[in-house]
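What the coordinates show
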Amino acid sequence: MLQYSYRPDPPPTRAHHSGEPQPWAPYSALPDRPPIRWPNGARIALWILPCVLHYEYMPPSDPWLNAWTRMLPPDVLGYGRQEYGNRVAFWRVLDMLDRHGARCTIVANSTALRLYPRIASAIAEREWEVLGHGQVNTRFVFGLTEDEERRYYEEMLRVVEETTGYRMKGMGGPGPQSATASTPDLLAELGFLYHSDWFYDEQPTPLRVRSGRLVTMPYPTETNDVPVLGSAFDAEVFRDVVIRQFDQLHADSAATGRVMGLCIHPFLIGQPHRIRFLDEILRHVLSHPGVWQATGAEIAEYYVAHHYEPMVAHLRAQRAWDVPPQGATR
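Residues numbered from 1 in each chain as written. Predicted model: local features only at pLDDT ≥ 70, side-chain atom pairs only at ≥ 80, totals over all residues. Heavy atoms only, no water.

Right, let's talk about the overall build of the protein chain for a bit. On a plain count of helices and strands, the protein chain comes out with 11 helices and 11 strands. The C-alpha atoms of the protein chain give a radius of gyration of 20 Å, which matches the 20 Å a tight globule of 330 residues would have. On the principal axes, the C-alpha backbone points of the protein chain span a range of 55 × 50 × 40 Å. For the protein chain, the proportion of its 330 residues judged to be buried stands at 56%. For the protein chain, restricting intrachain contacts to residue pairs at least 6 apart in sequence, the fraction spanning at least 24 positions comes to 77%. Within the structure as shown, the protein chain displays about 14,500 Å² of accessible surface, and the carbon and sulfur contribution to it stands at 51%. Looking at the protein chain, you have 32 positive and 38 negative side-chain charges, and the mean spots of the two groups are 1 Å apart. (Helix = DSSP H or I, 4+ residues; strand = E, 2+ residues; numbered from the N terminus. Rg over C-alpha atoms; globule rule 2.2 N^0.38 Å. Buried < 20%, exposed > 50% of the residue type's maximum accessible area, 1.4 Å probe, protein only. Contact = heavy atoms within 4.5 Å. Areas by Shrake-Rupley, 256 points an atom, 1.4 Å probe, with all protein chains shown as cover. Lys, Arg positive; Asp, Glu negative; His and termini not counted. Charge placed at Lys NZ, Arg CZ, Asp CG, Glu CD.)

Shown next, in the form of structure tokens:
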């Protein structure tokens, strides 16, 4: 059950490459790439992603999206479902993650960390990473100019560092993974290491940006509780999806390392009748050998240090890296 919907007649967005192939991510078939080896011979980098989000009670009108779809704001029911995650369910999920010694990357709206300092303190105490997911989950960046978008991320960096002590290295979103034609370039310029909105792979991959380096991280869309628990299915189904995904990736990764992401929203998986299924998921994936439990930044940093240059050399050999698509302004 998504809280947003697209408006039927939205205004055009600013675009640098209208009608041209995207210039950021050259195609590469996984079997042709140089193999990835994770630390200590691990097969899978396990990336656990609990979400800490803030949904505004009365968000401003947006020309591209309706922030709430059940009714015009205020949607007290929709707001309350989301707020339950921050008030109650986050702590139940946190207890379960602690029980298993989970090392997590918190997917956060920066405003949530400011509004809920008790949560920000819990993140800081565990030295978990924060992956930015926009300032709030009811406003989007489609119409921002490049300067406005740069300031948007600068403000996020400031708030996250003030509330948790952590300097963000990854960004995605906000909301429904909204972005502009400038987003990858701006993230690299501001010192981010990875962008989590490219859902096309099971490994990190390099992105071509104006300056610096930026890589993708395979954020999970299938092993994500919202599509399952937010629709007609319940937690047994989600448990089975995650376990089947893990088992297949564990087998496939004998030849080259993969990333296994697990995205959980406390207001869903943290319900009393569902929490035991998170326990069963964690028991299964952490019982296998060859699992490197890491944050997104740790995975991205290791990839850049050991596999970025071989992958770029491979793309250059395929003539896929150095020449932007025809007509693109790079």
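Next comes the rest of the description.
Together, Tyr57, Met58 and Val76 give the surface a local cluster of nonpolar side chains, amounting to about 300 Å² of exposed area. For Val76, a relative accessible area of 52% gives the class exposed. (Patch = residues over 30% accessible without salt bridge, like charges linked within 9 Å, V, L, I, M, F, W, Y side chains within 5 Å. Salt bridge = Lys/Arg side-chain N within 4 Å of Asp/Glu carboxyl O.)

Throughout the structure, instances matching the rule amount to 25 salt bridges. Here Glu309 and Arg213 are joined by a salt bridge, their closest N and O atoms 2.2 Å apart. Pair noted here: Glu309 is in helix H11 (residues 308-317) and Arg213 is in the loop between strand S8 (206-207) and strand S9 (214-216), with a separation of 96 residues, a long-range link. On the basis of relative accessibility, which here comes to 40%, the residue Glu309 falls in the partly exposed class. Look at Arg213 and you get partly exposed, because its relative accessible area is 36%.

Glancing now at the confidence of the model for the protein chain. Summary statistics for the protein chain give a mean pLDDT of 94 and a share of 96% for residues scoring 70 or more. Low pLDDT, under 50, characterises residues 325-330; the predicted model gives this stretch 17 contacts beyond four residues in sequence or across chains. (pLDDT = per-residue confidence, 0-100.)

The next thing to look at is the packing of aromatic side chains. Counted under the stated rule, the structure contains 15 aromatic pairs. Ring geometry for Trp38 versus Trp292: centroids 5.6 Å apart, planes at 45°, classification tilted. Placement of the pair is Trp38 in the loop between strand S1 (5-6) and strand S2 (44-52) and Trp292 in strand S11 (residues 291-293), with a sequence separation of 254 residues. Accessibility classification places Trp38 together with Trp292 in one group, the buried group. Above the ring of Trp128, the side-chain terminus of Arg126 is found at 5.9 Å from the ring centroid. (Phe/Tyr/Trp six-rings, centres within 6.5 Å; stacked < 30°, edge-to-face > 60°. Lys NZ or Arg CZ within 6 Å of the ring centre and 35° of its normal.)

In this section: the pairing of strand S10 (residues 258-264). Among the seven residues in S10, seven count as buried, and that is most of the element. Neither face of S10 is open: one carries Arg258, Met260, Leu262 and Ile264, the other Val259, Gly261 and Cys263, and all of them are buried. Here S2 pairs with S10 via seven bridges, running parallel. From the neighbouring strand, Trp47 faces S10, where its bridge partner is Gly261. (Pairing = 2+ DSSP bridges.)

Glancing now at the nonpolar core. With 95 residues, the main nonpolar core has Trp38, Trp47, Leu97, Met168, Phe192, Phe238 and Ile299 as its most contacted residues. If you tally residues by element for this core, the top one is S2, at eight residues. Residue contacts for Ile299: discarding those within four places in its chain leaves Trp38, Ala45, Trp47, Pro204, Met217, Val259, Trp292 and Ala294. By size, the runner-up hydrophobic cluster in this structure holds five residues, among which are Trp64, Leu65, Phe140 and Phe142. (Core = buried A, V, L, I, M, F, W, Y, C linked by side-chain atoms within 4.5 Å.)

What follows concerns the side chain of Ser182. Locating Ser182 in the fold gives a position in the loop between strand S6 (170-171) and helix H5 (183-189). Residue Ser182 is classed as buried on the basis of its relative accessible area, which comes to 1%. A polar contact is formed between the side chain of Ser182 and the side chain of Arg14, at a distance of 3.1 Å. (Polar contact = N/O pair within 3.5 Å; in protein donor to acceptor, adjacent residues only side chain to side chain.)

So, on to the environment of Leu207. Its location among the elements puts Leu207 in strand S8. Judged by relative accessible area, which is 1%, Leu207 ranks as buried. With residues near it in sequence (within four places) discarded, Leu207 still touches Trp24, Ala25, His195, Trp198, Tyr200, Leu214, Val215, Thr216, Tyr308 and Trp321.

Take the side chain of His195 next. Mapped onto the secondary structure, His195 falls in strand S7 (residues 194-195). Residue class for His195 comes out buried when judged on its relative accessible area of 3%. For His195, the side chain forms a polar contact with the side chain of Trp198, separated by 3.0 Å. Here His195 is in contact with Met171, Gly172, Thr183, Pro184, Leu187, Leu207, Leu214, Val215, Thr216 and Met217, once residues within four sequence places are set aside.

Before going further, it helps to examine the packing of helix H1 (residues 76-99) against helix H9 (residues 275-286). How two helices pack is summed up by the angle between their axes together with the distance between the axes. Packing of H1 against H9 leaves a shortest axis separation of 10 Å and a crossing angle of 25°. On the basis of the axis angle, H1 is roughly parallel to H9. Note on packing geometry: the crossing formed by H1 with H9 is right-handed. Residues Arg92, Val93, Met96 and Leu97 of H1 pack against Ile275, Leu278, Asp279 and Leu282 of H9. In terms of residue class, the contact of H1 with H9 is made up of six nonpolar, no polar and two charged. (Axes fitted to C-alpha atoms, helices over the stretch in contact; angles between N-to-C directions. Parallel < 35°, antiparallel > 145°, perpendicular 65-115°, else oblique. Left-handed = near helix turned anticlockwise from the far one by under 90°. Nonpolar A, V, L, I, M, F, W, Y, C, P; charged D, E, K, R; others polar.)

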